[in-house]
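What follows is each chain in one-letter form.
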Amino acid sequence: LLHRDISTSSILVVRSPLDGTVHGALIDFDCAISVDVDRKARLERTGILPFMIVLNLEANWLECTEIDDWESLLYLV
(Lines give C-alpha, C1' and ligand atoms only; values in the text may rest on other atoms or scores of the structure.)
Protein backbone atom coordinates (compact mmCIF):
# COMPACT_ATOMS: atom_id res chain seq x y z
CA LEU A 1 0.00 0.00 0.00
CA LEU A 2 1.37 3.40 -0.95
CA HIS A 3 -0.04 6.25 1.14
CA ARG A 4 1.01 9.08 -1.27
CA ASP A 5 -0.05 11.89 1.11
CA ILE A 6 2.17 11.68 4.20
CA SER A 7 2.26 14.93 6.20
CA THR A 8 1.79 16.21 9.74
CA SER A 9 -1.97 15.97 9.31
CA SER A 10 -1.85 12.26 8.47
CA ILE A 11 0.11 11.12 11.56
CA LEU A 12 -1.43 10.62 15.00
CA VAL A 13 0.51 9.99 18.18
CA VAL A 14 -1.44 7.66 20.48
CA ARG A 15 -0.80 6.31 23.96
CA SER A 16 -1.69 2.70 24.69
CA PRO A 17 -4.27 2.42 27.50
CA LEU A 18 -2.73 -0.90 28.54
CA ASP A 19 0.89 0.00 29.23
CA GLY A 20 1.18 3.72 28.42
CA THR A 21 3.58 3.28 25.48
CA VAL A 22 3.41 5.87 22.75
CA HIS A 23 3.00 4.89 19.08
CA GLY A 24 2.51 6.68 15.80
CA ALA A 25 -0.50 5.87 13.65
CA LEU A 26 -0.81 6.68 9.96
CA ILE A 27 -4.29 7.87 8.95
CA ASP A 28 -6.06 9.46 5.95
CA PHE A 29 -5.74 6.89 3.17
CA ASP A 30 -7.79 8.87 0.59
CA CYS A 31 -4.88 9.01 -1.88
CA ALA A 32 -3.52 5.53 -1.14
CA ILE A 33 -3.11 2.91 -3.85
CA SER A 34 -2.45 -0.81 -3.72
CA VAL A 35 1.05 -1.72 -4.87
CA ASP A 36 -0.01 -5.05 -6.37
CA VAL A 37 -3.02 -3.79 -8.31
CA ASP A 38 -2.93 -0.02 -8.81
CA ARG A 39 0.74 0.78 -9.29
CA LYS A 40 0.84 3.05 -12.29
CA ALA A 41 2.15 6.36 -13.51
CA ARG A 42 1.30 9.42 -11.45
CA LEU A 43 -1.82 10.91 -13.00
CA GLU A 44 -2.07 13.75 -10.50
CA ARG A 45 0.04 15.43 -7.89
CA THR A 46 -0.71 14.32 -4.35
CA GLY A 47 0.55 15.62 -1.04
CA ILE A 48 1.01 18.84 0.87
CA LEU A 49 3.69 21.14 -0.55
CA PRO A 50 6.28 20.99 2.30
CA PHE A 51 6.14 17.15 2.27
CA MET A 52 5.68 16.62 -1.48
CA ILE A 53 8.24 14.42 -3.19
CA VAL A 54 10.61 15.99 -5.71
CA LEU A 55 9.18 13.97 -8.62
CA ASN A 56 5.74 15.51 -8.01
CA LEU A 57 7.20 19.00 -7.80
CA GLU A 58 8.93 18.44 -11.14
CA ALA A 59 5.66 17.10 -12.65
CA ASN A 60 7.44 13.83 -13.39
CA TRP A 61 4.95 11.13 -14.38
CA LEU A 62 6.98 8.07 -13.37
CA GLU A 63 5.45 5.07 -11.60
CA CYS A 64 4.70 5.45 -7.86
CA THR A 65 7.07 3.51 -5.58
CA GLU A 66 7.68 2.88 -1.90
CA ILE A 67 10.62 5.29 -2.07
CA ASP A 68 8.14 8.13 -2.65
CA ASP A 69 6.46 7.52 0.74
CA TRP A 70 9.87 7.22 2.44
CA GLU A 71 10.88 10.57 0.92
CA SER A 72 7.75 12.22 2.36
CA LEU A 73 8.53 10.69 5.78
CA LEU A 74 12.03 12.12 5.60
CA TYR A 75 10.60 15.63 5.08
CA LEU A 76 8.20 15.05 7.97
CA VAL A 77 11.01 14.23 10.41
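S.K.: Could you clarify how one ought to interpret the overall build of the chain in this entry?
M.R.: The helix and strand tally for the chain stands at three helices and two strands. Listing every helix and strand of the chain by position from the N terminus yields β-β-α-α-α. A fraction of 48% describes how many contacts in the chain between residues 6 or more apart in sequence connect residues 24 or more apart. Summed over its atoms, the accessible surface of the chain is roughly 5200 Å², and 62% of this surface lies on carbon and sulfur atoms.

S.K.: Looking at this model, I keep getting lost on unusual backbone geometry. Mind explaining?
M.R.: Trans peptide bonds make up most of the peptide bonds, and negative phi angles are found at most residues other than glycine. A positive phi angle, close to 65 degrees, is found at arginine 4, a residue other than glycine. Checked against the element boundaries, arginine 4 lands in the segment before strand 1 (11-15). A relative accessible area of 17% means that arginine 4 is categorised as buried.

Cut-offs used in this document
Throughout this document, residue positions are counted from 1 along each chain, in the order its sequence is written. Where local features are concerned, this predicted model is filtered to residues with pLDDT of at least 70; where side-chain atom pairs are given and counted, the filter is 80 or more; whole-chain, interface and lining totals use all residues. Computation of side-chain values: all heavy atoms of the structure, hydrogens and water removed. Secondary structure elements are defined from DSSP: runs of H or I of at least 4 residues count as helices, runs of E of at least 2 residues count as strands, and each element is numbered from the N terminus. We call two residues in contact whenever any of their non-hydrogen atoms come within 4.5 Å of each other. Every accessible area reported is derived by Shrake-Rupley at a probe size of 1.4 Å, with residue values counting cover from the shown protein chains alone. Exposed residues in this analysis have more than 50% of their type's maximum accessible area, buried residues have under 20%, and partly exposed residues fall in between, with area computed by a 1.4 Å probe over protein chains only.

No statement about biological role is implied by the geometric values presented.
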